[in-house]
Amino acid sequence: MSKTVGFIGTGVMGKSMAGHLMKAGYPVVVYNRTKERAQELLDAGAIWKDTPAEVAQTADVIITIVGYPSDVEAVYLEEDGILSNAKPGSYAVDMTTSSPLLAEKLYEEGKKKDIHVLDAPVSGGDVGAKNGTLTIMVGGDQADFDAVKPVLEAMGQNIILQGPAGAGQHTKMCNQIAIASNMMGVAEAIVYAEKAGLDPEQVLGSIGSGAAGSWSLANLAPRMIKGDFEPGFYIKHFIKDMNIAIESAEAMGMNTPGLTLAKSLYDKLSEQGHDDKGTQAIYLLLAGERKTLV
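Definitions and limits used
Residues numbered from 1 in each chain as written. Predicted model: local features only at pLDDT ≥ 70, side-chain atom pairs only at ≥ 80, totals over all residues. Heavy atoms only, no water. Helix = DSSP H or I, 4+ residues; strand = E, 2+ residues; numbered from the N terminus. Contact = heavy atoms within 4.5 Å. Phe/Tyr/Trp six-rings, centres within 6.5 Å; stacked < 30°, edge-to-face > 60°. Buried < 20%, exposed > 50% of the residue type's maximum accessible area, 1.4 Å probe, protein only. Axes fitted to C-alpha atoms, helices over the stretch in contact; angles between N-to-C directions. Parallel < 35°, antiparallel > 145°, perpendicular 65-115°, else oblique. Left-handed = near helix turned anticlockwise from the far one by under 90°. Nonpolar A, V, L, I, M, F, W, Y, C, P; charged D, E, K, R; others polar. Right-handed = clockwise from strand over helix to strand, strands pointing away. Pairing = 2+ DSSP bridges. Core = buried A, V, L, I, M, F, W, Y, C linked by side-chain atoms within 4.5 Å. Salt bridge = Lys/Arg side-chain N within 4 Å of Asp/Glu carboxyl O.

Turning our eyes to something else, we now look at the side chain of Lys263. Position of Lys263 among the secondary structure elements: in helix 13 (residues 257-271). Each residue touching Lys263, except ones within four places of it in the same chain, is listed here: Ile239, Met242, Asn243 and Ile246.

Next comes the structure, spelled out in structure tokens:
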């Protein structure tokens, strides 16, 4: 493989994603705010860089998956960031779930410097990242998408160009809106099963393959039952996503009653100190925190 891939953000998702790129044969350079979180990748042969600027100067394709839109803005637009340091003709792919408006801004700023910027948020959680089966929703130009698609294929399977810059982020908002209400239903179903004296795992065996089936039911309901609330996806990041979705919907004159209710429940979990737990911890609110925390 001739392309060097830069990877910025080696957290719960990023670490596995960068690992798949290495397994696919790409030379990978990495940066993370906390170097220790990149150590596993460094041990496997990734090259450490001290700043996003150094990653950008080295890589042909730069991938970012960081926490919040403010982090995206800093990594791309600050003096030691990507757009001031990347080589002309290189590609920058932001896989953070972020603002559609910011995605459009980064695309336009990149164009001025001959840097091809795409927004490509993902779905599939830590399981999809580990298995290399992420859904990747892309916004940007067709030619740029075609150029980076082989890189994306090392990390995911369902990879679709949704439209121009910002379209990937808008698609991810659709995803998060659907998940928000679904997570309430999954948690309510498990608590109901327990209160009715049923074996919730046996209940899952029946309802998981019927009309109620969903990714959240299949992957997160078992964690609820076991009392495993470790993050595949942090509550604090889900709240961030819901805020973006509500703001984007309001800008289009749209009401989101299910999303608004779900956000109010996750806000309660945040107030109770559960920001760093996984989204399946919504179960705790409905079950009265009866489960032992893992």
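This is not the end of the story, as more comes after the structure.
Our next topic: the packing of aromatic side chains. On inspection of all chains with the given rule, the structure shows 4 aromatic pairs. Geometrically, the ring pair formed by Tyr31 and Trp48 is tilted, given 5.8 Å between the ring centres and 35 degrees between the ring planes. Taken as a pair, Tyr31 in strand 2 (residues 28-31) and Trp48 in strand 3 (residues 47-48) lie far apart in primary sequence, 17 residues in all. Summarising the aromatic geometry, the rings of Phe229 and Tyr283 are spaced 6.1 Å apart at their centres and angled 25 degrees between planes, so their arrangement reads as stacked. Separated by 54 residues along the polypeptide, Phe229 in the loop between helix 11 (221-226) and helix 12 (235-251) and Tyr283 in helix 14 (residues 282-287) bring together distant segments of the chain. Neither Phe229 nor Tyr283 differs from the other in exposure class; each is buried. Each residue in the set Phe233, Phe238 and Tyr266 is aromatic and connected to the rest through ring pairs, giving one cluster.

The subject of this paragraph is the packing of helix 8 (residues 167-195) against helix 12. Relative to each other, helix 8 and helix 12 sit at 115 degrees, their axes nearing to 10 Å. Judged by the inter-axis angle, helix 8 sits roughly perpendicular to helix 12. Where helix 8 crosses over helix 12, the two elements pack in a sense that is left-handed. Residues Met173, Gln176, Ile177, Ile179 and Ala180 of helix 8 form the contact with helix 12, whose own contacting residues are Phe238, Asp241, Met242, Ile244 and Ala245. When its residues are assigned to classes, the contact of helix 8 with helix 12 shows 8 nonpolar, 1 polar and 1 charged.

Side chains Tyr91 and Val93 project from strand 5 (residues 91-94) onto one buried face, and the interleaved Ala92 and Asp94 project onto a second face that is buried too. Taken together, strand 4 (residues 61-64), helix 4 (residues 69-77) and strand 5 constitute a β-α-β crossover, and its handedness is right-handed. Pairing analysis gives 4 bridges linking strand 5 to strand 6 (residues 116-119), with the strands arranged parallel. Each residue of the ladder has a partner; that of Val93, found in strand 6, is Leu118.

Now for helix 1 (residues 14-23). Extensive coverage of helix 1 is indicated by the burial of 8 of its 10 residues. Within the span of helix 1, buried status applies to Gly14, Ser16, Met17, Ala18, Gly19, His20, Leu21 and Met22. Two residues or fewer after helix 1 comes Gly25, characterised by a positive phi angle close to 100 degrees.

On to the nonpolar core, then. In a soluble, globular protein the nonpolar side chains are often hidden away together inside. Core analysis: the biggest nonpolar cluster contains 53 residues, and Phe7, Met17, Leu21, Ile63, Ile82 and Met95 have the highest contact counts within it. Discounting residues that sit within four places of it in the chain, Leu21 has contacts with Val5, Phe7, Tyr26, Val28, Ile63, Val151, Ala154 and Met155. Within the second largest apolar cluster, 32 residues are counted, among which are Leu204, Phe238, Ile246 and Ile282.

Running from N to C, helix 8 and helix 13 point in directions that differ by 60 degrees, and their axes come no closer than 9 Å. Relative to helix 13, the element helix 8 is oriented oblique. Relative to helix 13, the crossing made by helix 8 is left-handed. On helix 13, the residues that touch Ile177, Ala180, Ser181, Met183 and Met184 of helix 8 are Gly258, Leu259, Leu261, Ala262, Leu265 and Tyr266. Grouping the constituent residues of the contact of helix 8 with helix 13 by class yields 9 nonpolar, 2 polar and no charged.

What follows concerns the pattern of salt bridges. Where side chains of opposite charge bring their charged atoms close, a pairing between them can arise. Inspection of every chain in the model, using the stated rule, returns 10 salt bridges. Residues Lys236 and Asp276 are paired through a salt bridge, measuring 2.7 Å at the closest nitrogen-oxygen approach. Taken together, the residues Lys236 in helix 12 and Asp276 in the loop between helix 13 and helix 14 connect sequence positions 40 residues apart. Owing to a relative accessible area of 45%, Asp276 belongs among the partly exposed residues under this scheme. Connected via shared salt-bridge partners are Asp126, Lys130 and Arg223.

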